[in-house]
Amino acid sequence: MQLDWISQMSTRTFVSTTLGLLVASAVCVSGSATAPLMAQEAATKDTRTADQRIDQMVDRGIEFLRTRGQSDEGAFSGETGAAVTGLCVRAILEHRPEAVSADPVIAKAIKYLESKVQPDGGIYATGSKHRNYETTTAAMALNKANKDGRFDSQLERAKNFLKDIQWDEEEGAEPGDTAYGGAGYGSHSRPDLSNTAFLIEALHDLGTDPQDESIQKALMFVSRTQNLTQHGNDTEHADKIGDGGFYYTPAAGGQSKAGESADGGLRSYGSMTYAGLKSMIYAGLTPEDPRVNAALDFIRNHYTLDNNPGMGAQGQYYYYHTFAKALDVAGLEVVESTDAGPRDWRMDLINKLEAEQQEDGSWVNREAERWMEGDRQLVTAYCLLALKHARK
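Quick caveat: nothing in here was measured; it's all calculated off a predicted structure.

### Considerations on the packing of aromatic side chains
Phase 1: Scanning the entire structure with this criterion turns up 10 aromatic pairs.
Phase 2: With 5.2 Å between their ring centres and 85 degrees between their planes, Tyr317 and Tyr320 make a pair best called edge-to-face. Taken together, the residues Tyr317 and Tyr320, both in helix H13 (residues 316–329) and three residues apart, mark about one turn of the helix.
Phase 3: Relative accessible area serves as the criterion here: at 3%, Tyr317 is assigned to the buried category.
Phase 4: Ring plane angle 55 degrees and centroid distance 5.9 Å describe the contact between Tyr319 and Phe323, whose orientation is recorded as tilted. Of this pair, Tyr319 and Phe323 both sit in helix H13, four residues apart, which is roughly one turn of that helix.
Phase 5: Using a relative accessible area of 0% as the deciding quantity, one classes Phe323 as buried.
Phase 6: Of the aromatic side chains, those joined through ring pairs into one cluster are Tyr274, Tyr303, Tyr317, Tyr319, Tyr320, Phe323 and Trp345.
Phase 7: A cation over a ring is seen here: Arg131 above Tyr124, with NZ or CZ 5.8 Å from the ring centre.
Phase 8: The residue whose ring lies beneath Lys257 is Tyr248, and the NZ or CZ to ring-centre distance is 4.6 Å.

Set out below in C-alpha cells:
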C-alpha cells in the first residue's frame, strides 16, 4: 500500500518475448556469435504454460513467507501491526485455500490477527495511527479464512468500524468538502485515495452492496481524485491536467506524490490510477461511465510494467498489485497500448515478476525503498496477490 510511513498473447509472441530476454542474457555472458542460437534453443525448450509459470513463482514466494518471513508470535512485519500480516495471509490463501486448516503458519498468523481485534470492532495494534489500513487488510484476510463462519461476528463489527471512521457528517464533513467520503490512516488523519481504495475493496469483499451509502460516499471522494472535469471533481484541480488519471488526495488543499504542474495541477500517476479504476468498478460504475473511460484512456497512454508511471521505481510493487487487480475486475484481457499496440497484460506481468523474483523466492524493490518496498514480506505479498489476478 502507498503509505507515508511505509485478446490473449499468441504462442509466437510469448516465445519472441522469452527469446529476447534470453538473447540479451546470453550476449552479456559470452559475447559470442553463437549466443543467439543458444538462446533460441533454450527458449524452444520452455514449454511451460502461463499457469505453470505462476505456480512456480507462487510456490517459491509462499515458501519464503513460510520459512523466513514470520516472527515467533505469528506476525509478518509486526511493526505494521496487523497490516502486512493481513496482506500475507490473504496472499497465501488466495493460492492455497486449504492452508487455512492445514498450515500451522497460517494458524499462527490468524491467531496474531485475532489478538489485534479491538473493542470498537477494528483490527489494529493498540495505539495505532493506521487503523483503516490495518483493519481493511486484516478483515480481508480473515474473510478469506472464514470457511466455517467462525469470524462472522468479527467481520461484521470490522465492517461497521470501517464505516464509522469514514469521513462524513460524524467527522464534521459535508458532501461539499474535499475530504467527504474518504478514508485516511485513521478517522482524524487526512483521507487519501490509497486508504479509500482499501476501504472500498474491504467493504466489497465483506459483501457490501455497491449502492450502499458508505461506498457511494467513498465514490464521491474517489471522483475528486481524478483529473477529469465535470464528472464529480468539483475541486480547483479538476481541469488543470485533464488526462483522466488519479492523484493521491484532493483533501486539505490536495496533493499528488508525483508533484504538480506549473499551474498547480496535481499530476496523475500509475498506482493511484489503477486504484481509482478498481474503486469505481467496485462502486458500480460501468465501462460506459465517462470516469471509467477517462481512466482507461490514461492507462492506454501510459501502459508499462517497467515502472510506476509518474513515479519511476517508487511504489513499483504496489503498482503491480493495483495494476493486476484493476484490469482483472475490469474484465480486460488486452490493453490497447498507445505506444505498443495490443498488450496481453497478464503475460507482461508474468514475464516481469518472473524476472524480478529473488533467489530466496521473495520480491523486493532494490531501487526505491519508499513506502516500505524494501520490506520483503510486504513486497512478496503484493506480488502473490498480483499473480492471483494474472490467472485466467
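### Structural notes on the pattern of salt bridges
Phase 1: Taken as a whole and assessed by the stated rule, the structure comprises 29 salt bridges.
Phase 2: As a salt-bridge pair, Glu354 and Arg53 come within 2.6 Å of each other at their nearest N and O atoms. Taken as a pair, Glu354 in helix H14 (residues 345–356) and Arg53 in helix H3 (residues 50–69) lie far apart in primary sequence, 301 residues in all.
Phase 3: Residue Arg68 is joined to Asp360 by a salt bridge in which the shortest nitrogen-to-oxygen separation is 3.5 Å. Of this pair, Arg68 sits in helix H3 while Asp360 sits in the loop between H14 and helix H15 (376–390); the two residues are 292 residues apart in sequence, bridging distant segments of the chain.
Phase 4: Assessed through its relative accessible area of 55%, Arg68 is described here as exposed.
Phase 5: Assessed through its relative accessible area of 23%, Asp360 is described here as partly exposed.

Reading guide: rules and limits
Here the residue numbering is sequential within each chain, running from 1 through the sequence in written order. Since the coordinates come from a predicted model, pLDDT governs what is reported: local features require at least 70, and pairs of side-chain atoms require 80 or more to be given and counted, while whole-chain, interface and lining totals use all residues. As a convention, hydrogens and water are excluded, and side-chain values are obtained from all of the structure's heavy atoms. Pairs were defined over the aromatic rings of Phe, Tyr and Trp, the Trp ring being its six-membered one, requiring ring centres within 6.5 Å. Orientation was assigned from the angle between planes: stacked under 30 degrees, edge-to-face over 60, tilted for the rest. Secondary structure is summarised from DSSP: a helix means a run of H or I of at least four residues, a strand means a run of E of at least two, and numbering begins at the N terminus for each. Only protein chains enter the area calculation, which uses a 1.4 Å probe; residues under 20% of their type maximum are buried, those over 50% are exposed, and those in between are partly exposed. Should the NZ of a Lys or the CZ of an Arg lie within 6 Å of a ring centre and within 35 degrees of the ring normal, that charge is described as sitting over the ring. Each salt bridge in this description consists of a side-chain nitrogen of Lys or Arg and a carboxyl oxygen of Asp or Glu lying within 4 Å of one another.

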